[in-house]
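# Per-entry structural report
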Amino acid sequence: MRYAETGYNLEIDLATGNIERVETDPKLMETHLGGLGTDVKLFWDRVPPETKAFDPENLLVFSSGLLGATYAWSTNRTLCTTISPQTDLLAYPMMGGFWASELKYAGYDKVILRNKAPHLVYIWIHNDKVEIRDARHLKGKGAVETQDLIREELNQPDAQVSAIGLAGENRAFVASIEQSRSSASRLGSGGVMGDKNVKAIAVRGTKDINIYDGVKLMEHLEELKKFVVHRNENPLTGIEMVIHSGVGSPQAMRHVDEQWHTTGFAWGNARTRRKDFWNQEIFERWSKSHWSAVKRFISCFNCPQQCGTLISFQDVPRYMMKCFSKLSYLFGSKSDSMDFTWRILHKSFEYGVDSFSTPQILAFAVELYEAGIFTDADFKGCPTDNEGRFFWLLDKLAHRDGIGDYLADGVYWAARRIGKGAEEFDHNTIKKHEQMNVKLGMLDPLYFLMFATNEKISITQIEGNWPQTAKPTQELKEHWAKDWIQVPDPKFIDYFMGWNPRGEGSNPYYPTPQMCSEIVDWMEQIHNIDDAIGLCAGMGSFCYKPGYHVHNYPKFINAATGMDLDEESLKKIVNRSRNLHRAFNNRRGMSRKDEAPPKDHWKHRFPELEEELLTTYYKFKGWTYDGIPTKERLHELDLDYVYDDLVKRGIYKDGQDKEDC
Amino acid sequence: MAKIKKIVKSIKIDADKCNGCRACEVACAGFHATPKYSICNPARARIKVVTYRRKDIWFPVFAGEYTPAGCVGRDSYIIDGKEYADCDLCRASCPTRDRFKEPDSGLPLRCDMCESDPPLPEPMCVSICINNVLTYVEKEEEVEEEENVSDMEIGLRALANTHGMDKLLETVARMIEKD
């Protein structure tokens, strides 16, 4: 019997309409868990480096996590894994909500889409019955409204629907996939879905998931519940931002105070800080707007935390939102009107675009216009105020109309297609992907490594249990360390106690490159566990002091699956998947040369130290100078077949398959 | 029938606080599984979170009695500007829909307040919901004495209603013979 997982994938060939329920190899759970782990394995086995995002052979995989649809709270993530049209590397944007759990109850761990449908379709999965249905009548419909339209059309109010909007249909590289209160946004999975001519996937499931030791799992859940209740009643103190004081996604919808973000982050096309932005007048105005728009706090499947909201603002059709998108269009447009946020986010979610990248792309367009690279003819019909421009540009992008056709490809590719010096304005991308709009003074060695090296290519999803800044006093340090049960090893508390905001023991030389490598490795490890078991990062890896951590992950996994993991063996599994992931991207050409944060991310840079950081981290990971897993590391992780493939394809430079080269 | 004093178990539902997570459904289905928590499947729950997200409708409904026939009319209510179908509010396990039926056998489900031995301090759905949507209340009331109907009897009655008592007895007799 299979526990926690269903043991079946749904394979759909969109060109022929062939649908198959395929049993998966039970050993994969032991070698890669599930979720991202098994997605990486599937892509390694089936998608060769020659395959591009919009080739029919590219796969789009909707995956649940290993613990999804079990009793473990918050394990509701859906991964939308594919080759990114923007980076040409593996993309796996994730969303919470309800979809992946419903898929497992329908009897499948993943839906694997290949080839392209002859015209726009949607897929309807109802337990064993799976249909490909005409969706031409839904062409151009919003990604949020489509979900309700399909539920009504099927007369299935309990169906969960993942859908794309116009941006996805138009193969925008920043197109998202939307579902209930959640979005899988980054790196263009929505564009691949549109390229495959799939408007939506609706699913309803009423089958059982087997649990190996349900009583034990409920005992662990009871402990977690106590922790969550305790934290809800006793938020963390002594931190930068109130939104990070609990468990769950950052509580941006609960709190109006955004002094930290608005004065610390860079506005426009990630250009300038506004250190004096926040004041009482803004706070009062935003409070009024915020509380007039927030209709209700809402959750994802089987999670008590309420990180999302239903937005009902004046005459704007309702939608749901969460977290950082509240600020991103304000930063991009330099508007200080929260009313503008509620209006443009409605369009953004209905078009189905990444509300992280998109505002930066629109701000980039405004800069090009101000610099004379885009002309009056390009901007014909565009309003002259900041907010009006953003609405106009967003329409253009989603329709790929006029200059919108460039913008839909994201900053990197737009700049290269536009030419005329536009490349100079592409200053905030890594591996061709828009990064957090942060411009700071002193190099932060931890963030340097996280920005440079992680396969997520998106810093917001890499940070984690380690505090974002050093604590200024001994008292605050001790306050932080006293109940820091989440550290994998006491040495991390020592590193933390020695870390100061300035002077001795401060950035950039402290934490040392070796300490940084160990801390970053810890952050990656917990993110990789969450992404394999399908856990919301807000309840685990992204949270400062979460309920799920390295010490209790194995308990939950063992009780649900019947595996016999301890901390070390779990670490080995995610390390295996991480190295396979890295090799997959190496095989597509990624290496050390690509691992560089934006030049202007910090004002004070230290080229020698940065080289040392990268080299130390690579050595720690068991990678070559170029950032490719060595023969030894691959062998340790039972990935000899990966080594053979990398050799065959000439990925190692001559003889450089060892770390001392 | 005679009047007796009885502890009436009830759950107060503050639907305004419901965030739609369905943890109550998950826990309910697990508690009623045999063995306990051996499977996870909210479709087997005796509580159901009715959800129409953009209409701002989220509220839990508990499984009530089995009914052999659907209502003649399909009414609706408008409360505070929101329209509710009365089917959404209804607790019945009813032939017109899948709600509150075992997904495989189709047998009706009914909330039993998690009566068990040893007894729980409160029903599972109440204890799992940390947002205080559900509050367990015990009240002493004078009620008509009534027959206690077991789950199995409810199921058998449903089968008898669907197929006729004779057919049901015939089948049981045949099953006994085969064994």
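Bear in mind the structure is a predicted one, so any value in this text is a computation, not a measurement.

## Describing the overall build of chain B
Within chain B, the secondary structure is distributed over five helices and seven strands. Moving toward the C terminus, one meets the helices and strands of chain B in the order β-α-β-β-β-β-β-α-α-β-α-α. Seen through its principal axes, chain B has C-alpha atoms that stretch 55 × 40 × 40 Å. Counting across all 179 residues of chain B, residues that qualify as buried make up 30%. Taking contacts inside chain B between residues at least 6 apart in sequence as the whole, the part at least 24 apart equals 62%.

## A look at the environment of Asn-232 of chain A
As for its placement among the helices and strands, Asn-232 of chain A is situated in helix 7 (residues 214-233). Along the backbone, Asn-232 of chain A and Gln-305 of chain A are 73 residues apart, and their C-alpha atoms lie at a distance of 9.0 Å.

## Notes on the pairing of strand 5 (residues 76-79) of chain B
Residue and element names in this part refer to chain B. Here strand 5 pairs with strand 6 (residues 82-85) via four bridges, running antiparallel. Pairing of Ile-78 across the sheet is with Glu-83, part of strand 6. With antiparallel pairing between neighbouring strands as the criterion, strand 5 and strand 6 make up a hairpin whose turn holds two residues, including Asp-80 at a positive phi of roughly 50 degrees.

## A short note on unusual backbone geometry
Keep in mind that most residues, glycine aside, have a negative phi and that most peptide bonds are trans. Pro-35 of chain B follows Thr-34 of chain B through a cis peptide bond whose omega is -10 degrees. Among the structural elements, Pro-35 of chain B can be located in the loop between helix 1 (23-31) and strand 2 (39-40). In the segment running from Asp-117 of chain B into Pro-118 of chain B, the intervening peptide bond is cis, with an omega of -5 degrees. Its location among the elements puts Pro-118 of chain B in the loop between helix 2 (86-89) and helix 3 (124-128). One non-glycine residue, Ala-270 of chain A, lies in positive phi territory at about 50 degrees. Note that Ala-270 of chain A resides in the loop between strand 15 (266-267) and strand 16 (272-273). Of note, the phi angle at Gln-314 of chain A is positive, near 45 degrees, even though the residue is not glycine.

## Points about the domain arrangement of chain B
Residues and elements named next belong to chain B. Domain annotation of chain B identifies domain 1 (3-146) and domain 2 (148-179). One C-alpha centre belongs to domain 1, the other to domain 2; they are set 26 Å apart. Counting residues at the interface gives five residues for domain 1 and four residues for domain 2. Taken together, the residues that form the side of domain 1 that touches domain 2 break down as four nonpolar, no polar and one charged.

## A look at helix 11 (residues 338-351) of chain A
Residues and elements named next belong to chain A. Between its terminal C-alpha atoms helix 11 stretches 20 Å, which fits the 20 Å expected from 14 residues at 1.5 Å a residue. Most of helix 11 is tucked away, with 10 of its 14 residues classed as buried. Listed as buried for helix 11 are Met-338, Thr-341, Trp-342, Arg-343, Ile-344, Leu-345, Ser-348, Phe-349, Glu-350 and Tyr-351. A positive phi of about 75 degrees marks Gly-352, the residue just after helix 11.

## Regarding the packing of helix 11 of chain A against helix 13 (residues 386-399) of chain A
Residues and elements named next belong to chain A. The interhelical angle for the contact between helix 11 and helix 13, taken along N-to-C directions, is 0 degrees, at an axis separation of 11 Å. One way to sum up the angle between helix 11 and helix 13 is to call them roughly parallel. Of the residues in helix 13, those touching helix 11 at Phe-340, Ile-344, Lys-347, Ser-348 and Tyr-351 are Glu-387, Phe-390, Phe-391, Leu-394 and Ala-398. Of the residues that constitute the contact of helix 11 with helix 13, the class distribution is seven nonpolar, one polar and two charged.

## Structural notes on the environment of Gln-259 of chain A
By secondary structure assignment, the location of Gln-259 of chain A is in helix 8 (residues 259-264). Sequence spacing of Gln-259 of chain A and Arg-605 of chain A is 346 residues, and the spatial spacing of their C-alpha atoms is 27 Å.

## A word on the domain arrangement of chain A
Interfaces are frequently sized by the accessible area removed from exposure as the parts join. Each assigned domain of chain A is listed here: domain 1 (8-204), domain 2 (245-434) and domain 3 (441-648). Each of domain 2 of chain A and domain 3 of chain A was reduced to a C-alpha centroid, and the two centroids are 29 Å apart.

## Details of the interface of chain A and chain B
Listed as interface residues are 33 residues of chain A and, on the opposing side, 20 residues of chain B. Broken down by secondary-structure element, the contributors of at least two residues to the side of chain A that touches chain B are strand 14 (209-210), helix 7 and strand 17 (294-298) of chain A. With seven residues, helix 7 of chain A is the single largest residue contributor to the side of chain A that touches chain B. When its residues are assigned to classes, the side of chain A that touches chain B shows 18 nonpolar, eight polar and seven charged.

## Quick notes on the sheet that holds strand 18 (residues 308-311) of chain A
Residue and element names in this part refer to chain A. Across the sheet, which stays open at both edges, the three strands sit in the order 17-18-19 with antiparallel pairing between neighbours. At either margin of the open sheet sits one strand with a lone partner, and together these are strand 17 and strand 19 (319-322). Pairwise comparison of adjacent strand axes, ignoring direction, gives a mean angle of 30 degrees for this sheet. Relative to strand 18, strand 17 runs antiparallel, the two being bridged by four bridges.

## Regarding the confidence of the model for chain B
Looking at chain B as a whole, its pLDDT mean stands at 92, while 99% of the residues score no less than 70. Two summary scores accompany this predicted model of the complex, namely pTM at 0.94 and ipTM at 0.95.

## Thoughts on the packing of helix 16 (residues 445-453) of chain A against helix 22 (residues 607-621) of chain A
Helix packing geometry: the angle between the two helix axes and the distance between the axes. Residues and elements named next belong to chain A. Viewed as axis vectors pointing N to C, helix 16 and helix 22 meet at an angle of 65 degrees, and their least axial separation amounts to 10 Å. In the packing of helix 16 onto helix 22, the handedness of the crossing is right-handed. When helix 16 is examined against helix 22, the residues Pro-445, Phe-448, Leu-449, Ala-452 and Thr-453 are found in contact with a partner set consisting of Glu-610, Leu-613, Leu-614 and Tyr-617. Counted by class, the contact of helix 16 with helix 22 contains seven nonpolar, one polar and one charged residues.

## Topic: helix 7 of chain A
Residue and element names in this part refer to chain A. Over its 20 residues, helix 7 extends 28 Å from the first C-alpha to the last, a length consistent with the 28 Å expected when each residue adds 1.5 Å. Taken as a whole, helix 7 has its buried residues at Gly-214, Leu-217, Met-218, His-220, Leu-221, Leu-224 and Val-228. The arc that holds every buried residue of helix 7, seen down its axis, measures 155 degrees, which confines them to one face. Summarising the geometry of helix 7, the exposed residues directed more than 90 degrees from the buried face are Glu-222, Glu-223, Lys-226, Val-229, His-230 and Glu-233.

Analysis parameters
- Throughout, residues of each chain are indexed from 1 in the direction in which the sequence is written.
- Here the convention is simple: chains get letters from A, ligands get numbers from 1, in the order in which they are written.
- Local features in a predicted model are, by the rule used here, given only for residues with pLDDT of at least 70; side-chain atom pairs are given and counted only at 80 or more, and totals for whole chains, interfaces and linings are based on all residues.
- In DSSP terms, a helix is any run of H or I states spanning at least four residues, a strand is any run of E spanning at least two, and both are numbered starting from the N terminus.
- Residue burial here comes from a neighbour count, namely the number of other C-beta atoms, placed from the backbone, that lie within 10 Å of the residue's own C-beta, with 20 or more meaning buried, 12 or fewer meaning exposed, and in between meaning partly exposed.
- Placing a C-beta atom from the backbone of each residue, one calls two residues in contact when those atoms lie within 7 Å.
- Any two strands between which DSSP finds at least two bridges are classified as paired.
- For the purposes of this description, domain bounds are those given by an automatic or database domain assignment.
- Ten residue types, Ala, Val, Leu, Ile, Met, Phe, Trp, Tyr, Cys and Pro, are classed as nonpolar, four, Asp, Glu, Lys and Arg, as charged, and the remainder, Gly among them, as polar.
- Here the expected span of a helix is defined as 1.5 Å times the quantity of residues minus one.
- Only the contacting stretch of a helix is used when fitting its axis, a line to C-alpha atoms as for every element, and angles between N-to-C directions run 0 to 180 degrees.
- Note on angle classes: values under 35 degrees are labelled roughly parallel, values over 145 roughly antiparallel, values of 65 to 115 roughly perpendicular, and the remainder oblique.
- The predictor's confidence in any single residue is recorded as pLDDT, a number from 0 to 100.
- Here is the rule for handedness: rotate from the far helix to the near one, and if that takes an anticlockwise turn smaller than a right angle the crossing is left-handed, while a clockwise turn gives right-handed.
- Relevant arc is that of directions from the helix axis to the C-beta atoms, nothing else.

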